[in-house]
Amino acid sequence: MTAEKEISVLLSDALNLVNIPLAPAATMLVYHRIEGGSAPLQPDSVTLTEFQEQMRYITEEGYAPMTARELAALVEAGEEPPEKSVVVTFDDGYLDTYTHAFPELDFFRMPATVFLAAGHIGASTPFPWLGSDGGKPMDWQQVSKLQKAGIEIASHTYSHPFTPNLTKNELCLELERSKGTIEDKLGAPVHSLALPYSFPMRHPRWPSFRARLREALNANDYVCCCTMQRGHIRPRDDVFALRRIPVGRDDDLRLFRAKLEGCFAWTAPLQAFYQRFLKSYPTP
Ligand SMILES: [Zn+2]
């Protein structure tokens, strides 16, 4: 990560020096935990202080924040998103999305999209895939407060499985149960999905998975689907495989700026190579 960080920051500094911005069309950021304590952070966690600085940076630098659904609508229509479009997203539905992120989103009037692993919301134990010191989920009352404040509440499946291993019917059921549960609890429609875990679009199993996924998304009236594949978003991208940029514990403000400026996307082929040739995946 250090080399990726240093190169991204150097690239950003150099491009700013010669005033040649990369200006990506739109950036969808993905957060997991926003931690308040002084304990060592997980790679995909940020501290509350860092999160505050990042939301302030987005606001003061004139970015155009919107929800995932709003950006997907522009992408689908082939419209150019406004300059400096950014979407702040949160995966899983951690309690600290409510206790730490929400007050900041509210303060900065920042639109956001929260993807819930719906079957775990309201549980008193940490999300099971994280181990005993993982984060606990929100309850439905807290989710409802986010939604009433204008935050888009969306689906991250029901049980948070490794979706490429699911059959067509299993995948459809995950998307249906998650959407149905959130809609029942909140009385508002769900439009967006984020896939749990990361699965490379260049994997030999991607085309067949993508076909099953499209079918399940269409059958359940989803309008967009976000992935963990790194990159920015352009008009006419596939709204069912939107790329995002992760934010984590290495993101000081210099790296955060580099990510928003398009200076981190060069790592996407490295991610693809690692995932395609070095990483192993659970077998069906
Ligand atoms: Zn997740």
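By the naming in an unreviewed UniProt entry, the protein is Polysaccharide deacetylase family protein, taken from Geomonas terrae. The Subcellular location (unreviewed entry) field of the UniProt record for the protein holds the comment "Secreted".

## Digging into the overall build of the protein
Within the protein, the secondary structure is distributed over nine helices and ten strands. Its C-alpha atoms give the protein a radius of gyration of 18 Å, near enough to 19 Å, the size a compact globule of 284 residues would have. For the protein, the spread of C-alpha atoms along the three principal axes comes to 55 × 40 × 40 Å. Among the 284 residues that make up the protein, the fraction classed as buried is 41%.

## Thoughts on the packing of helix α6 (residues 168-186) against helix α7 (residues 206-219)
Across the interface, α6 lies against α7 with an axial gap of 9 Å and an inter-helix angle of 40°. By the angle between their directions, the pair α6 and α7 is classed as oblique. Relative to α7, the crossing made by α6 is right-handed. Contact residues: α6 offers Lys168, Leu171, Cys172 and Leu175, while α7 offers Arg212, Leu213, Glu215, Ala216, Leu217 and Ala219. Each residue belonging to the contact of α6 with α7 can be placed in one class, and the counts come to seven nonpolar, no polar and three charged.

## Structural notes on α7
Spacing of three or four residues puts side chains on the same side of an α-helix, whose turn is 3.6 residues. Over its 14 residues, α7 runs 19 Å from end to end, which matches the ideal 20 Å to within 8%, given 1.5 Å per residue. Positive phi shows up at Asp221, right after α7, with a value of about 60°.

## Comments concerning unusual backbone geometry
In this structure, Arg109 is a non-glycine residue whose phi angle is positive, near 50°. Its 11 C-beta neighbours within 10 Å are what place Arg109 among the exposed residues. A positive phi angle is found at His160, which is not glycine, with a value near 65°. Tracing the backbone through its elements, the reader meets His160 in the loop between β7 (152-155) and α6.

## Side note on the pairing of strand β10 (residues 242-246)
Burial analysis of β10 places four of its five residues in the buried class, the great majority of the element. Taken together, the two bridges between strand β1 (residues 26-31) and β10 define a ladder with parallel strand orientation. Residue pairing for β10: Leu29 is matched across the bridge by Ile245. As paired strands, strand β9 (residues 224-230) and β10 are joined by two bridges and run parallel to one another.

## Thoughts on the packing of helix α2 (residues 48-60) against helix α4 (residues 95-107)
Between α2 and α4, the shortest axis-to-axis distance is 10 Å and the interhelical angle comes to 20°. Accordingly, the angle class assigned to the pair α2 and α4 is roughly parallel. For the crossing formed where α2 meets α4, the hand is right-handed. Along its contact with α2, which presents Leu48, Phe51, Gln52 and Met55, the element α4 presents His100, Ala101 and Glu104. Classifying every residue of the contact of α2 with α4 gives four nonpolar, two polar and one charged.

## Looking at the pairing of strand β6 (residues 113-116)
What you see with β6 is no split at all: Thr113 and Phe115 on one side and Val114 and Leu116 on the other are buried throughout. Sheet analysis places strand β5 (residues 85-92) next to β6, joined by four bridges and oriented parallel. Looking at β6, one finds that Thr89 is bridged to Thr113. Crossover connection from β5 via α4 to parallel β6: handedness right-handed.

## Some words on the environment of Thr89
Inspection of the secondary structure assignment puts Thr89 in strand β5. Judged by C-beta crowding, with 23 C-beta atoms within 10 Å, Thr89 ranks as buried. It is 9.1 Å that separates the C-alpha atoms of Thr89 and Arg244, two residues lying 155 residues apart in sequence. Leave out the neighbours within four places in its chain, and Thr89 touches Met28, Leu29, Val30, Tyr31, Ala68, Ala112, Thr113, Phe115, Ala194, Cys226 and Arg244.

## Things to note about the nonpolar core
Within the largest apolar cluster, 63 residues are counted, with the highest numbers of intra-cluster contacts made by Met28, Leu29, Leu71, Val114, Ile153, Cys224 and Cys225. Looking at this core, the element that brings in the most residues is β1, giving five residues. Excluding residues that lie within four positions of it along the chain, Cys225 makes contacts with Leu193, Leu195, Leu213, Leu217, Phe240, Ala241 and Leu242.

Reading the values: the criteria
Residue numbers restart at each chain and count upward from 1, following the sequence in its written direction. With pLDDT at 70 or above as the cut-off, local features in this predicted model cover only qualifying residues; side-chain atom pairs require 80 or more to be listed or tallied, and sums for whole chains, interfaces and linings still use all residues. UniProt positions are given in the numbering used here, feature names are shortened, and annotations may be inferred rather than shown by experiment. Under the DSSP-based scheme used, a helix requires at least four consecutive residues in state H or I and a strand at least two consecutive residues in state E, with every element numbered from the N terminus. As a reference, a globule follows 2.2 Å times the number of residues to the power 0.38, and the radius of gyration itself is taken over C-alpha atoms. As a rule, residues whose C-beta atom has 12 or fewer other C-beta atoms within 10 Å are exposed, those with 20 or more are buried, and those in between are partly exposed; C-beta atoms are placed from the backbone. To define axes, lines are fitted to C-alpha atoms, for helices over the stretch in contact only, and angles between the resulting N-to-C directions are given on a 0 to 180 degree scale. Comment on the angle field: the value is read as roughly parallel under 35 degrees, roughly antiparallel over 145, roughly perpendicular from 65 to 115, and oblique elsewhere. Each crossing gets its handedness from the near helix: less than a right angle anticlockwise from the far helix is left-handed, clockwise is right-handed. Each residue is represented by a C-beta atom placed from its backbone, and any two residues with such atoms within 7 Å are regarded as in contact. Three categories are distinguished: nonpolar for Ala, Val, Leu, Ile, Met, Phe, Trp, Tyr, Cys and Pro, charged for Asp, Glu, Lys and Arg, and polar for the others, with Gly belonging to the last. A helix is expected to reach a length of 1.5 Å times the quantity of its residues less one. The rule for pairing is simple: two strands pair if DSSP sees at least two bridges between them. Classification remark: right-handed applies to a crossover when, strands pointing away from the viewer, the course from the first strand over the helix to the second runs clockwise. By definition, a nonpolar core groups buried Ala, Val, Leu, Ile, Met, Phe, Trp, Tyr and Cys residues that connect through C-beta atoms lying within 7 Å of each other.

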